[in-house]
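Given next are the chains, with one letter for each unit.
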Amino acid sequence: MQVNQPSSYKNRTSIAVLGATGSIGSATLDVIRHLGSPWRAAALTAHSQIASLMQSARQMQPDLVAITDDCLVEGVDCSGLTDEVRLLRGAEGLVQIAQDPRIGTVVAAVVGSAGLPSTLAAAKAGKRLALANKEALVVAGELVMAAVRQHGGELIPVDSEHSAIFQALRAGSDKQVARIVLTASGGPFRNATQAEMNAATVQDALAHPTWQMGRKITIDSATMMNKALEIIEARWLFGIPSDKIQVVIHPQSIVHSMVEFTDGSVVAQLSPPDMRLPIQYALTYPDRLASPCPKMNFAQPWNLEFLPADPQRFPALTLGWEVANRGGSTGAVLNAANEAAVGLFLAGKIKFPAIVAGCRRILEEHNYSPSPELEELMRLDQWAREEIHKWAAAC
Ligand code: NDP
Ligand code: MG
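Not measured: the values here are computed from a predicted model.

Caption draft 1: Highlighting the coordination of the magnesium ion (ligand 2). Distances from the magnesium ion (ligand 2) to its protein donors, namely Asp159 (OD), Glu161 (OE) and Glu230 (OE), fall within the range 2.1 to 2.2 Å. Within one chain, the residues serving as donors to the magnesium ion (ligand 2) are arranged as D-x1-E-x68-E. Of the two residues, Glu161 is situated in helix α6 (residues 160-168) and Glu230 in helix α10 (residues 225-238); the sequence distance between them amounts to 69 residues. Across this residue pair, the class does not change: Glu161 and Glu230 are buried.

Caption draft 2: Just the site of ligand 1, in detail. Around ligand 1, 25 residues are found, and the nearest of them are Thr21, Ser23, Ser48, Gln49 and Glu135. Note that an oxygen atom of ligand 1 is positioned 2.9 Å from one of the backbone N or O atoms of Ile24. In this structure, Gly214 approaches ligand 1 through a main-chain N or O atom, which is 2.9 Å from an oxygen atom. Surface burial for ligand 1 is 87%, taken as the share of its 900 Å² of free accessible area covered by protein chains. If you list the elements that add at least two residues to the shell around ligand 1, you get α1 (23-35) and α5 (134-150). In terms of residue class, the shell around ligand 1 is made up of 12 nonpolar, 10 polar and 3 charged.

Caption draft 3: Representation of the packing of aromatic side chains in the model. Summed over the entire model, instances satisfying the criterion amount to 6 aromatic pairs. Taken together through their ring pairs, the aromatic side chains of Phe166, Tyr281 and Tyr285 make up a single cluster. Residue placement shows Arg235 over the ring face of Trp236; its charged tip is 3.9 Å from the ring centre.

Caption draft 4: Expanded view of the sheet that holds strand β8 (residues 177-184). Reading across the sheet, the 5 strands line up as β11-β10-β8-β9-β12 and stay open at both edges, with mixed pairing between neighbours. At either margin of the open sheet sits one strand with a lone partner, and together these are β11 (266-270) and β12 (307-308). Pairing between strand β9 (residues 245-249) and β12: 2 bridges, direction antiparallel. Bridge pairing in β12 places Val248 opposite Pro308. Taken strand by strand, α6 contacts β8, β10 (255-261) and β11, and its axis lies near 40 degrees from that of β10.

What counts, and at which threshold
Residues numbered from 1 in each chain as written. Chains lettered and ligands numbered in written order. Predicted model: local features only at pLDDT ≥ 70, side-chain atom pairs only at ≥ 80, totals over all residues. Heavy atoms only, no water. Donors = N, O, S within 2.8 Å, 3.2 Å for Na, K, Ca; no water. Helix = DSSP H or I, 4+ residues; strand = E, 2+ residues; numbered from the N terminus. Buried < 20%, exposed > 50% of the residue type's maximum accessible area, 1.4 Å probe, protein only. Near = heavy atom within 4 Å. Polar contact = N/O pair within 3.5 Å; in protein donor to acceptor, adjacent residues only side chain to side chain. Areas by Shrake-Rupley, 256 points an atom, 1.4 Å probe, with all protein chains shown as cover. Nonpolar A, V, L, I, M, F, W, Y, C, P; charged D, E, K, R; others polar. Phe/Tyr/Trp six-rings, centres within 6.5 Å; stacked < 30°, edge-to-face > 60°. Lys NZ or Arg CZ within 6 Å of the ring centre and 35° of its normal. Pairing = 2+ DSSP bridges. Contact = heavy atoms within 4.5 Å. Axes fitted to C-alpha atoms, helices over the stretch in contact; angles between N-to-C directions.

Next up, the structure:
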């Protein structure tokens, strides 16, 4: 029998949406509107899209609003906000929100390692962390998971593959898991030749066949670096070794991922591709409430295809397994190199295959550290970005 009311867990219906103006952020606001009271957007943040942020703030009247780009705070139009709404500024605003006692759930939907300090702060404050910001786990998975454990918080994945695995894992015990299988759409270049990938334009790479997402993750999907980051994310989230994480191409994006148990049973989660479903599940877990998402239509014929992933054509995958296996400083270096290389590609400064080639090069050049603290990770993040820029300039 399904429960129809949210279970009473601290003040978890009081939600902070970090990165409220993005693709995941706006889908989260949709879910909160759909769920209705007592669910509430209690804090909203944006980096550059101030008009959109303030429009949502007028509608939702949160307790806290943060603008992380300091330069954009002056002269912001606060009309239509009640006196109770407090405006915070700068990157520190994200951390303050993540720690605020009025907040029960933090939806971490900032893109890139810029989301790490607030993700870590939410974990240390013992919040429910609905985590979309996979880069935080790639950079500092060990630290984030330790903080969740030590401070009694919860981490519920929002990434659709990890939400599917999280759901499928409920079918058996940890000891009974044989492997997890991450599905990947294959992105816009699933069937492309090497020559076509060499000549790919920004527009080609942004044309994702099944998902509408922010620009950075869309380019990551085209290189399949997104799947590499997800291998690393899975390694930390589920504590599973890299050799038990498999990737399979599934062009329809209906099966969001699978778990194989020791007896050979494979348990999968299926639904039409819509991020509002894993977002809502992360908010309402362990309850399941009616959602605004489209449902599977079994009245029509449909096919599901599964094809082996090819690391020769998509070398980012090999980087994912290597980094998931080595851990230490490798995640921070790979992530920062990739963020910088994607930025250079989007700016028309490097070719498409150079994104992954650059990441490989910087990863090989860095001084490996087996258990770095946050400061060292942040230093390596900066170093890798600088190295990618030098490397691109010399190419
Ligand atoms: P978007 O680019 O659409 O949104 C990013 C959000 O982060 C925006 O609100 C943006 O603010 C904010 N932001 C950007 N830079 C900074 C910064 N330096 N400091 C603070 N905030 C910043 O990204 P997505 O929503 O697509 O992705 C968000 C995260 O979710 C990523 O980690 C991605 O990998 C993950 N994810 C996304 C999925 C998707 O379907 N989109 C699926 C699974 C995971 P502003 O717009 O105001 O500049
Ligand atoms: Mg995903």
